[in-house]
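# Overview (structure and organization)
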Amino acid sequence: MSTATTHDEHHHHPTGIMRWITTTNHKDIGTLYLWFSFIMLLIGGAMAMVIRAELFQPGMQVVDPNFFNTMTTMHGLIMVFGAIMPGMVGLANWLIPMMIGAPDMALPRMNNWSFWILPFAGTMLVSTLFMEGGGPAFGWTFYAPLSTTFAPDSTDFFIFSVHLLGFSR
Amino acid sequence: MFARKLRLAVCSLWGTVILFGTGNAFAGFDELNLRRGVTDISNQVYDLHMLIFWICVVVCVAVFAVLIYSIFTHRKSKGAKPATFHESTTVEIIWTTIPFLVLVGMAIPATKTLLALEDTRDADMSIKVTGYQWKWQYEYLDGPAEDVSFFSVLTTPREQIEGTAEKGENYLLEVDNPIVVPINKKIRFLITSNDVIHSWWVPDLGWKQDAVPGFINDGWTELKEPGIYRGKCAELCGKDHGFMPVVLEAKTEEDFAQWAADQKAGAAAEAAAATQTWTMDDLMAKGEAVYNTNCAACHQANGQGIPGVFPGIAGGAVSIGPLADHIDIVVNGKPGTAMQAFGAQLSDVDLAAVVTFERNGFGNNTGDVVQPSDITAAR
Amino acid sequence: MMLTDRHFGTSFFSAAGGGDPVLFQHVFWFFGHPEVYIMILPAFGVVSQIIPTFARKKLFGYSSMVYATASIAFLSFIVWAHHMFTTGMPVAGELYFMYATIMIAVPTAVKVFNWTATMWRGSMTFETPMLWAIAFVFLFTLGGFTGLMMGVAPADMQYHDTYFIVAHFHYVLVTGALFAIIAAVYYWLPKWTGHMVDERLGKIHFWWSAISVNVLFFPQHFLGLAGMPRRIPDYSLQFADWNMVSSLGGFAFGLAQVFFMYVVIKTIKGGEKASDQVWEAAEGLEWTIPSPAPYHTFETAPEVR
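Being a predicted model, the structure only gives us computed values, none of them experimental.

### Examining the packing of helix α2 (residues 26-55) of chain A against helix α10 (residues 240-269) of chain C
Two elements in contact, α2(A) and α10(C), have axes separated by 9 Å at closest approach and are oriented at 160 degrees. Relative to α10(C), the element α2(A) lies roughly antiparallel. As α2(A) runs across α10(C), the sense of the crossing is left-handed. Among the residues forming the contact of α2(A) with α10(C), the class breakdown is 13 nonpolar, six polar and one charged.

### Quick notes on the sheet that holds strand β6 (residues 198-202) of chain B
Residues and elements named next belong to chain B. A sheet is described by the order of its strands in space; here five strands give the open sequence β4-β10-β9-β6-β7, paired in mixed fashion. Looking along the sheet, the strands with just one partner apiece sit at the ends: β4 (179-182) and β7 (207-211). When strand polarity is set aside, the average angle formed by the axes of neighbouring strands in this sheet is 25 degrees. Relative to strand β10 (residues 245-251), strand β9 (residues 227-233) runs antiparallel, the two sharing six bridges. By the bridge assignment, R230 is partnered in β10 with V247.

### Focus: the sheet that holds strand β3 (residues 149-152) of chain B
Residues and elements named next belong to chain B. Here five strands make up an open sheet; going across it, the order is β3-β2-β1-β5-β8 and the pairing mixed. Of all the strands in the sheet, just β3 and β8 (217-221) have a single pairing partner and so form its edges. Recorded for the sheet is a direction-independent mean angle of 25 degrees between the axes of neighbouring strands. For strand β2 (residues 135-140) and β3, the ladder comprises four bridges, and the chain directions are antiparallel. Note on β3: the bridge partner recorded for W136 is S152.

### Some details on the nonpolar core
Among the nonpolar cores identified, the biggest contains 174 residues, and B:Y140, B:F189, B:W200, C:W115 and C:F136 are the most heavily contacted of them. With 20 residues, helix α8 (residues 163-193) of chain C is the single largest residue contributor to this core. When residues are assigned to domains, this core turns out to be shared by domain 1 (2-76 + 88-118) and domain 2 (125-271) of chain B, each giving three or more. When residues no more than four places from it in sequence are discounted, the contact partners of C:W115 are C:F44, C:V47, C:S48, C:I51, C:L59, C:M65, C:F136 and C:V137. The next biggest cluster of nonpolar side chains, apart from the first, holds 25 residues, and it includes A:I51, A:L118, C:L223 and C:F239.

### A few points about the interface of chain C and chain B
Between chain C and chain B, the residue contacts involve 75 residues of the former and 75 residues of the latter. When chain C packs against chain B, the two sides together hide about 6800 Å² of surface, and 70% of this comes from carbon and sulfur. Where chain C touches chain B, the interface holds zero salt bridges. Taken together, chain C and chain B are joined by 13 residue pairs in polar contact (both at pLDDT 80 or more). Elements with a minimum of two residues in the side of chain C that touches chain B: α2 (21-55), α3 (62-76), α4 (91-103), α5 (105-119), α6 (128-151), α7 (153-159) and α9 (199-226) of chain C. A per-element tally of the side of chain C that touches chain B places α5(C) first, with 10 residues. The residue inventory of the side of chain C that touches chain B, partitioned by class, reads 44 nonpolar, 19 polar and 12 charged.

### A look at the environment of C:T288
Tracing the sequence through the fold places C:T288 in the segment after α10. Distance in space between the C-alpha atoms of C:T288 and C:Q277 is 6.8 Å, their sequence separation being 11 residues.

### What to know about the confidence of the model for chain A
All names here are of chain A. Considering every residue of chain A, the mean pLDDT works out to 66; 54% of them sit at 70 or more. Element-level mean pLDDT values for chain A span from 46 in helix α5 (residues 147-168) up to 84 in α2. Per-residue pLDDT stays below 50 along residues 142-155; that stretch engages in 24 contacts with residues further than four places along the chain or on separate chains. Below pLDDT 50 for its whole length, residues 164-169 participates in five contacts with residues either more than four positions away or in separate chains.

About the cut-offs
Residues numbered from 1 in each chain as written. Chains lettered and ligands numbered in written order. Predicted model: local features only at pLDDT ≥ 70, side-chain atom pairs only at ≥ 80, totals over all residues. Heavy atoms only, no water. Axes fitted to C-alpha atoms, helices over the stretch in contact; angles between N-to-C directions. Helix = DSSP H or I, 4+ residues; strand = E, 2+ residues; numbered from the N terminus. Parallel < 35°, antiparallel > 145°, perpendicular 65-115°, else oblique. Left-handed = near helix turned anticlockwise from the far one by under 90°. Nonpolar A, V, L, I, M, F, W, Y, C, P; charged D, E, K, R; others polar. Pairing = 2+ DSSP bridges. Core = buried A, V, L, I, M, F, W, Y, C linked by side-chain atoms within 4.5 Å. Buried < 20%, exposed > 50% of the residue type's maximum accessible area, 1.4 Å probe, protein only. Domains from an automatic or database assignment. Contact = heavy atoms within 4.5 Å. Buried area = accessible area lost by both parts, 1.4 Å probe. Salt bridge = Lys/Arg side-chain N within 4 Å of Asp/Glu carboxyl O. Polar contact = N/O pair within 3.5 Å; in protein donor to acceptor, adjacent residues only side chain to side chain. pLDDT = per-residue confidence, 0-100.

Following this line, the structure appears as structure tokens:
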């Protein structure tokens, strides 16, 4: 998807990794969102595989019950907040400006900022797995300890509502 | 030519699906569909379920038939020219109104069932159900078994769960003390919890009710036939959520009265045992049994615990530390952790036995012998 | 929507930090239910773009589609407690949430009817994005029907927290939201990369996923009705057969998505050159710009006819 750069002779912007970190271009950000979403889909999918492997036969074979609950919880959280939401946001980022004939999203820097919160949030979420006592094991609907990892999601909605605002304009 | 073959194939596929579906619906009913259950309410719920199910099937078949017909007929490769219509207010009003009317038709029986389901007035008997991690407590509030109270814990052996032994018929659906109720009585269940949210569910009764700490929910049932009905906890409540079944035994009124009398006699015998002095061997044997039912879920059968979550008993700071602290933590629990106050759950004899077992088993060999009277004194 | 999120951001945490578990559930689902609709509404949009393109016919009832979307969004804010029928709500509350919930079926049905009418007497071709969009309509409808069944409170007393629920929300989120995202990726990928997707690989991915996803989630309806609670690591013996079927479907579906990554990367690397229009009957400003889309588009405002 980086082929987009070839069409951009008369603009100066950083290249390499800095291009992706500092970008305010809705297409770059959309690409980032989509790849992030896909990586999370695979991580969440791997967890689903663990769940189905355990449920393949009655009895406990693969993991212990505590880890199983962690898997169901993380699978839910990652799929909802890590895969589907950024996937939708990525599509919106790419397409809505093109569909309505706008040069870019409203508040482009905000747009960049809100993406880069995501990988950190995702890493934080996944890293809880390796902490002492295991990751969250209480279903994706439960309890406060999640609040730290939840926080970025609300920013996610924030950007989504910015999209809607941009759309209505 | 190809398209015709394809259409034939799809038609026969659909035929098979429908045959297979209805065939199953009448043959293997138990495994694929909701249970009819054994009470009036569960039958009402079942009928309602089937009503909505068939409405959905009819609508589904109609919509899908149109879709599939259109997919196979209106394709470009068959020279279909696109029509230009893209709006019709009449049609849209019709297909907004029809679903609405169908829904109203569904809502009427649903409301009736719901009102009946929630009507817990005029009960003949009340039983309090309390959820613990991971067991149920039943307390009889009135009737012949008034004041009877006990815990109900999974009895499926570890070997079956770990796959080293053949799984029994009621694998994960068997408990030591099932809740016993008389038939032909309206029984009201008061459901609450001691720690996290559980959910008390016996599918054959037709409902489940969440057990929420600090709240009391209610539900009722009236059974017609004696029998054993099995269910499970249905709200994620931690590690052993999958291992806390509900077993309900319905008895005739005479059998129930007999059972109640036996329970009361058993309680009296236990109270007498608490005043006796026990030998080390007896305490160790009893303690091991108590440990396996009540403690092994967290602290593990080998006493090692789970690092970072549940402390180990073998060589643990509490179990080889001062005796008074050990008794205190078992009797009063540790607030803010999963360690419950077992003083409210177990008899003095059981507590004395389990503390003795923990201090002398798993290579702890402290030599301490705890008598039931020590526990009585520590309470 | 922003106001709700703020609401979510504030009371969510205090309720969790405080003590009342039922209040926590109310607040969570007050956020959580609109959340699941946020995931599905863009999917409706995507499908409403793709189907008209490949049916070569305008979307049927555009304005009623918009009204349906708006009413779903509105209803989604007032039905949160249908996740909580078993928490011991007052009967009046249960009745209200039951009525409000099954009301959602009306606008959703309108949408499905409209897509059907869009395809009716069109001139359809079945490129990969169209296949995914059609699968969306079929399977999302199934998920919608089970949702309707659960909306009926007394029946939900049985369904609640069983695998029936698991089957329902996977039908809505996987074959709904995820299928729509995949359809969108196939639909717009030529515009993004300048290369056409290899149709053969795309179709393999589609059939592989569409079959395995049903093997994966359809048996879960049976499991739930037969009484298997969700989130349990181990189950009693009568559930063994269908769990095995479901697991096999799961592994197949997982592999299919790894295959998807291969298809996407192959398209980025190269492939048949895509025209600006890409799809024969695609409509919208994005198809007026070159493929791949230049880094900056519409520096002068385009003319909208």
